[in-house]
Structures are given as structure tokens and as C-alpha cells.
Amino acid sequence: MASRLILFPSLDDEVRAETVQGREEIAAEIAALARSDAPVLTGAYRDGIVVRTYGERVLVVDEDDEAVFKEYGTVDTPAHAALTDAARAFGRYSGWQPR
């Protein structure tokens, strides 16, 4: 059984607040790499890759309604994984895995 000990819980909040700009810069690099690797048919998949910041949360998302199918594949369509692969290039990734 795993356990977790947090000695300075307020430090987490301080670090998150102080690192937003740096994380936005990394997210912009991830988005740029993903856009450069994304296949283009209509451009919606590539052009939907953007950085969004909500308070201290920094996310790289694809706003194309069909991005999940293009990113991770379907029974009939291979995964392109442009965003997933770009995120992996910048650190540990534990989210969904392409087919």
C-alpha cells in the first residue's frame, strides 16, 4: 500500500503560484511541437492545439471535437498521437495511451 507524506503543504501552493509562467512557456513548446507533427487534412486537429491557463492550472489541449479519435485512434483509424508524443518529450506522461 502506497502512502504519501506532505511536510509543507503550503509550499505546494507557493510553488504552483510561482511557476505558472514557466509552465506556460513549456506548454507553448509542447503545443508548437504537437502542431508541427500533427497530420493535416482540414487543419482542425493541428489548429485546435492550444495552451489554456485556469488560475494555476496550465493545460495543452486540442479543441477539435474529433481530436480524441485522431490522437488515440479507433478500430478503423490509426492513432496519430501528436499531442501525447509532444508531452512525453517534455516529461513524464501517464494519461491515455494511443492504440
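Bear in mind that the values here come from a model prediction, so they are computed numbers and not experimental data.

(A) Focus on the pattern of salt bridges. Summed over the entire model, instances satisfying the criterion amount to six salt bridges. Arg 16 is the salt-bridge partner of Asp 13, the closest N and O atoms lying 2.7 Å from each other. Taken together, the positions of Asp 13 and Arg 16, both in helix α1 (residues 9-18) and three residues apart, correspond to about one turn of that helix. A relative accessible area of 43% places Asp 13 in the partly exposed class. For Arg 88, the salt bridge identified is with Asp 85, shortest N-O distance 3.1 Å. Of this pair, Arg 88 and Asp 85 are both found in helix α5 (residues 82-88), three residues apart, which corresponds to roughly one turn of the helix. Relative accessible area serves as the criterion here: at 34%, Arg 88 is assigned to the partly exposed category. With a relative accessible area of 39%, Asp 85 lands in the partly exposed category. The network of salt bridges with shared partners includes Asp 13, Arg 16 and Glu 56.

(B) Spatial organisation of the pairing of strand β2 (residues 57-62). Relative to β2, strand β1 (residues 49-54) is paired through six bridges, and the arrangement is antiparallel. Along β2, the bridge assignment pairs Arg 52 with Leu 59. From the end of β1 to the start of β2, which pair antiparallel, there are two residues, and Gly 55 there has a positive phi angle of about 65°.

(C) Looking closely at the side chain of Glu 71. Assignment of secondary structure puts Glu 71 in helix α4 (residues 67-72). Of the side chains bearing the opposite charge, Arg 88 lies closest to the buried Glu 71, which forms no salt bridge; the N-O distance is 7.8 Å. Within the structure, Glu 71 has its side chain in polar contact with the backbone nitrogen of Thr 84 (distance 2.5 Å). With near-sequence residues (within four places) excluded, Glu 71 lies in contact with Tyr 45, Ala 79, His 80, Ala 81, Ala 82, Leu 83, Thr 84 and Pro 98.

(D) Structural context of the side chain of Thr 84. The residue Thr 84 is located in helix α5 in this model. Given the relative accessible area of 2%, Thr 84 is considered buried. With residues near it in sequence (within four places) discarded, Thr 84 still touches Glu 71, Tyr 72, Tyr 93, Trp 96 and Pro 98.

(E) The arrangement of helix α2 (residues 20-37) in detail. With 18 residues, α2 extends 26 Å between its outermost C-alpha atoms, agreeing within 8% with the 26 Å of an ideal straight helix rising 1.5 Å per residue. Of all the residues in α2, the buried ones are Val 20, Ala 27, Ile 30, Ala 31 and Ala 34. Each buried residue of α2 sits inside an arc of 100° when the element is viewed along its axis, so together they form one side. Along α2, exposed side chains directed more than 90 degrees from the buried face belong to Gln 21 and Ser 36.

Parameters at a glance
Residues numbered from 1 in each chain as written. Predicted model: local features only at pLDDT ≥ 70, side-chain atom pairs only at ≥ 80, totals over all residues. Heavy atoms only, no water. Salt bridge = Lys/Arg side-chain N within 4 Å of Asp/Glu carboxyl O. Helix = DSSP H or I, 4+ residues; strand = E, 2+ residues; numbered from the N terminus. Buried < 20%, exposed > 50% of the residue type's maximum accessible area, 1.4 Å probe, protein only. Pairing = 2+ DSSP bridges. Lys, Arg positive; Asp, Glu negative; His and termini not counted. Polar contact = N/O pair within 3.5 Å; in protein donor to acceptor, adjacent residues only side chain to side chain. Contact = heavy atoms within 4.5 Å. Expected span 1.5 Å × (residues − 1). Arc of directions from axis to C-beta.

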